[in-house]
There are 2 protein chains.
Amino acid sequence: SERQGQPPRDSPAPPPVPPGPSACRGPPVGGGFSRPAFLQLTSEELQRADDHAGRAVQSPRESRRRLPWSTGYAEVINAGKSQHNEDQACCEVVVVDRRCSPRCNPDLCFHYWGLFDGHAGSGAAVMASKLLHLHICDQLRDLVDILQDSSPPPLCLPSDSRALPAERNRAPLAQADAELRNDALPRFHLEKAVSHESLVIGAIENAFKRMDEQIERERTTRLVAGGCCALAVVYLLGKVYVANAGDSRAIIIRNGEIIPMSREFTPETERQRLQFLGFLRPELLGNEFTHLEFPRRIQHKELGKKMLYRDQNMNGWAYKRIEEDDLKFPLIYGEGKKARVMATIGVTRGLGDHDLKVYNSNIHIKPFLSCVPEVRVYDLTQYEHCPDDVLVLGTDGLWDVTNDREVADMVTEVLMSYEPNDPCRYTKAAYELVVRSRGALKERGWRLANDKLGSGDDISVFVIPLGGPGNYT
Amino acid sequence: SERQGQPPRDSPAPPPVPPGPSACRGPPVGGGFSRPAFLQLTSEELQRADDHAGRAVQSPRESRRRLPWSTGYAEVINAGKSQHNEDQACCEVVVVDRRCSPRCNPDLCFHYWGLFDGHAGSGAAVMASKLLHLHICDQLRDLVDILQDSSPPPLCLPSDSRALPAERNRAPLAQADAELRNDALPRFHLEKAVSHESLVIGAIENAFKRMDEQIERERTTRLVAGGCCALAVVYLLGKVYVANAGDSRAIIIRNGEIIPMSREFTPETERQRLQFLGFLRPELLGNEFTHLEFPRRIQHKELGKKMLYRDQNMNGWAYKRIEEDDLKFPLIYGEGKKARVMATIGVTRGLGDHDLKVYNSNIHIKPFLSCVPEVRVYDLTQYEHCPDDVLVLGTDGLWDVTNDREVADMVTEVLMSYEPNDPCRYTKAAYELVVRSRGALKERGWRLANDKLGSGDDISVFVIPLGGPGNYT
């Protein structure tokens, strides 16, 4: 069973928590440096993991307990851009303990993988890596019986939410009674059908919000610095939910084909949302920025000339006569990896960043950032997966230098060089992805096999098998 | 040449217009009933086109002048839901006369097709069908030389925008001189590359905005009632630009395959944009509506219970405790064709509707509607098209009862029954699409061949050939 692989660090089920908004306390989170618990690093190994010069790739030891599903993992620290590795990771099996006592269905349990790419400090990434799955657990608590009931979710629950789902499954008589009472309510013609799947999506979305709120509340007491991108995968009742807030990426490699499971949220991909907000709430721009986009800075002496621009409604470009207000700095500026919101941050979704301000100003950036992930769903039961079919999660350190096709080819190459039932093959694949994206240290810095510049960023990779012998039950 | 097919009604080039925001006057637009000019209906035929009982399908007569590219067209009036056919259409070849005098490039000319599906009166649809292409022409005027120059568009133009593009093409000496003067400007490292294509997209987007502003300005003097969806196609310099604002649809059928060229803008597809606006500007909800979505109306006695909801950030659903504020009517409500913004309108993009209010209230709906189209581009030169490859445009009357695949199969079936070089085959195809979507009048109303309910709505269809002998030069 999945619990043999790697039991959650603290207990298979999260500890009982008091109700209310701060339900997810979880284990204590220090402000200090840490690596994922499942690596089980000794303090000496922890020191070595912090070596920016050697950049040794870290993977779970074969001699120690395996991750659930024989998940592969590898990571490497950056080439010096920050003191510590600001990526964090988590892999857990979580049992959801229902809030109500009558147990009419089996326990609900989900598998969980998380990647957190920190910036401006590792505090938010560390905290999220230790707590986000507990928030997801908390959001699922009300749904334990509803999700395991074949009938559509009830649109409305009694104020004591414990009662209804349990009743519905108890005994035919009790159920008939409940239906009778239901009939006393007038029927509405317009009722929207809501799927079980969309309840899980809603639970994950709200878990991200609660996590962000907790970081905000505890950022001063727990010394949580900075922010982080978050990529979380939940496997629940046959379906894989991939939730992404930031610029990490998830792809499924199935029979050699690539199925994208996420998209990146950057100033370029979210331009129109940000410009719309700046347009509707100009006070957030602090008289320093304009919500219009221009292809370059405008000089004062260019007033009156015509410049290309686009506003929150446009995808194309047009010329406009330059006015005084256009001399402000554009809210979105720069291209590709250099694109920034308010000249400051290059990702537009994630957790934390509550104190982030424009340099030398009092303008907050958080209102423009979203903590809500996009959740994509993949039904694992709709396809018979072979041992080479995997879900790859990587922080942007991987994807900056290695595209989807190259990742898929590398993974397939490594997997084919090991026996299909060798549980180490997924960690070997993750290891190779990190090594090849980091490159080798040459005279002119870290270089890939093709002599292009390797990634100087932190790199973290999960390779999660979707099929194969006895991986999940 | 394309002009032989069907010269624009008034003149090949739009009449000279005074500069400024109301440049596009065009021909006079009455408040009365009208059908597309290219149908060349006599007043007697015009009467017959208005017959809700017989619902005769109208097409351009073979004996009269053909539309450019041998475009096929057909339309039918609704089964009684409004007094007149509120769909309108336009097909034109437009010559763009540059604002500047020196002519260094050939004239720029574009082909144009427009479908306008009116609601709450036909005024906006009639006006847009007569003027939108002139606004597009107006927006392209500054770009005549830029678009025909192989170098990237200049990011900045001198205040007298006539000078630069002309100069750049004049003589080597003048060009060198211009570059020298250019060098006097400091170089910027961060310059965004802007394509010619995106200038055309920007021109079309802004043309829709100007059209909407003109409807607003002249709605009282010209008696322009209601609003309309707008689907416009521009063929310019080898590329087809499909601009859609509303719930009409465009598909390309190529070698039997379907390529979607638009998407519909409805309360469901634009839910998050509308909820975001309602959340940021609650005063627009007039204390009557809530920006939250619920799957059904909530009753006062349900206060304190938990109800499924989603907010502007969510795609999934979750339970929330019902508070007083949740008893307000949801901003977005209903499903599929019945989904409405503020219980009033089922499309969220289009032109007009400036006076639209929630029934029996003073709450304006226009702030939630967008007049900006989504523009998709199809490069006609990238593929060798055969005479059966077509672009089909249809108002929702077509797509409500006939899906993409059925449309593609019907078109292919009709085209194959005529000679490939028969110029009438595209009108035959459009005719069949309209006839089969309308159905036949049976005892239980208009019925399709499969006995399902036919479309009781206005239906208008263009079938535009993308290849074939001598269709375009």
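Everything numeric here is computed off the predicted structure, so don't read it as measured data.

## A look at the overall build of chain A
And then number 1: When helices and strands are counted, chain A shows 11 helices and 20 strands.
And then number 2: Within chain A, contacts between residues separated by at least 24 positions form 69% of all contacts whose residues are at least 6 apart in sequence.
And then number 3: Counting only carbon and sulfur atoms, one obtains 50% of the accessible surface of chain A, whose full area is about 19,600 Å².

## Some points on the domain arrangement of chain A
And then number 1: Under the domain assignment used here, chain A contains domain 1 (69-150 + 195-263 + 377-465) and domain 2 (270-346).
And then number 2: For domain 1 of chain A and domain 2 of chain A, the distance between their C-alpha centroids amounts to 34 Å.

## Description of the sheet that holds strand β7 (residues 249-254) of chain B
Residue and element names in this part refer to chain B.
And then number 1: The strand order across the open sheet built from 5 strands is β1-β20-β17-β7-β8, with neighbouring strands paired in antiparallel fashion. Whereas interior strands pair on both sides, the edge strands pair on one side only; in this sheet they are β1 (72-76) and β8 (257-260). Looking at each pair of strands side by side, their axes are set apart by 20° on average, direction ignored.
And then number 2: Two strands pair when backbone bridges link them, and β7 and strand β17 (residues 390-394) are joined in this way by 5 bridges, in the antiparallel orientation. Looking across to β17, one finds that I252 is bridged to L391.
And then number 3: On the sheet, helix α10 (residues 404-416) packs against β7, β8 and β17 and is oriented at approximately 50° with respect to β7.

## Description of the relation of the copies chain B and chain A
Each of the two chain copies goes to the other by way of a rotation about an axis and a shift along it.
And then number 1: By a simple turn and slide, chain B fits onto chain A: the slide is 0.0 Å along the axis, the RMSD is 0.0 Å, and the turn is 180°. Those values place the two copies in the arrangement expected of a two-fold rotation axis. For chain B, the minimum C-alpha distance to the rotation axis belongs to L280 of chain B and amounts to 3.7 Å.
And then number 2: A shared interface surface links the copies, since 100% of the contact residues of chain B are contact residues in chain A too.

## Observations concerning the packing of aromatic side chains
And then number 1: By the definition in use, this model includes 15 aromatic pairs over all chains.
And then number 2: Note on Y73 of chain A and F462 of chain A: the rings are 5.0 Å apart at their centroids and 50° apart in plane angle, and the pair reads as tilted. In this pair, Y73 of chain A sits in strand β1 (residues 72-76) while F462 of chain A sits in strand β20 (residues 459-465), placing the two residues 389 residues apart along the sequence. Across the pair, F462 of chain A and Y73 of chain A agree in class, each one buried.
And then number 3: Their ring planes at 85° and their centres at 4.8 Å tell us that F38 of chain B and Y73 of chain B sit as a pair that is edge-to-face. A residue pair is termed long-range when its members are at least 10 positions apart, and F38 of chain B in the loop between α1 (2-5) and α2 (43-48) and Y73 of chain B in strand β1 qualify at 35 residues. Of the two residues, F38 of chain B and Y73 of chain B, both sit in the buried class.
And then number 4: Aromatic rings pair up to connect F38, Y73 and F462 of chain A into one cluster.
And then number 5: The aromatic ring of F265 of chain B is capped on one face by R349 of chain B, whose charged end is 4.1 Å from the ring centroid.

## Structural notes on helix α11 (residues 425-438) of chain B
And then number 1: Taking 1.5 Å of rise per residue, 14 residues should cover 20 Å, and α11 of chain B covers 20 Å from first to last C-alpha, within 8% of that figure.
And then number 2: Looking one or two places after α11 of chain B, you find G439 of chain B, whose phi comes out positive at around 85°.

## Here we look at the pattern of salt bridges
All names here are of chain A.
And then number 1: Tallying each qualifying case throughout the model produces 74 salt bridges over all chains.
And then number 2: With a shortest N-O distance of 3.5 Å, E44 and R48 are connected by a salt bridge. Of this pair, E44 and R48 both sit in helix α2 (residues 43-48), separated by 4 residues, roughly a single helical turn.
And then number 3: Looking at E44, the relative accessible area reads 55%, which means it is exposed.

Thresholds applied
- Residues numbered from 1 in each chain as written.
- Chains lettered and ligands numbered in written order.
- Predicted model: local features only at pLDDT ≥ 70, side-chain atom pairs only at ≥ 80, totals over all residues.
- Heavy atoms only, no water.
- Helix = DSSP H or I, 4+ residues; strand = E, 2+ residues; numbered from the N terminus.
- Contact = heavy atoms within 4.5 Å.
- Areas by Shrake-Rupley, 256 points an atom, 1.4 Å probe, with all protein chains shown as cover.
- Domains from an automatic or database assignment.
- Pairing = 2+ DSSP bridges.
- Axes fitted to C-alpha atoms, helices over the stretch in contact; angles between N-to-C directions.
- Least-squares fit on C-alpha atoms with pLDDT ≥ 70 in both.
- Phe/Tyr/Trp six-rings, centres within 6.5 Å; stacked < 30°, edge-to-face > 60°.
- Buried < 20%, exposed > 50% of the residue type's maximum accessible area, 1.4 Å probe, protein only.
- Lys NZ or Arg CZ within 6 Å of the ring centre and 35° of its normal.
- Expected span 1.5 Å × (residues − 1).
- Salt bridge = Lys/Arg side-chain N within 4 Å of Asp/Glu carboxyl O.

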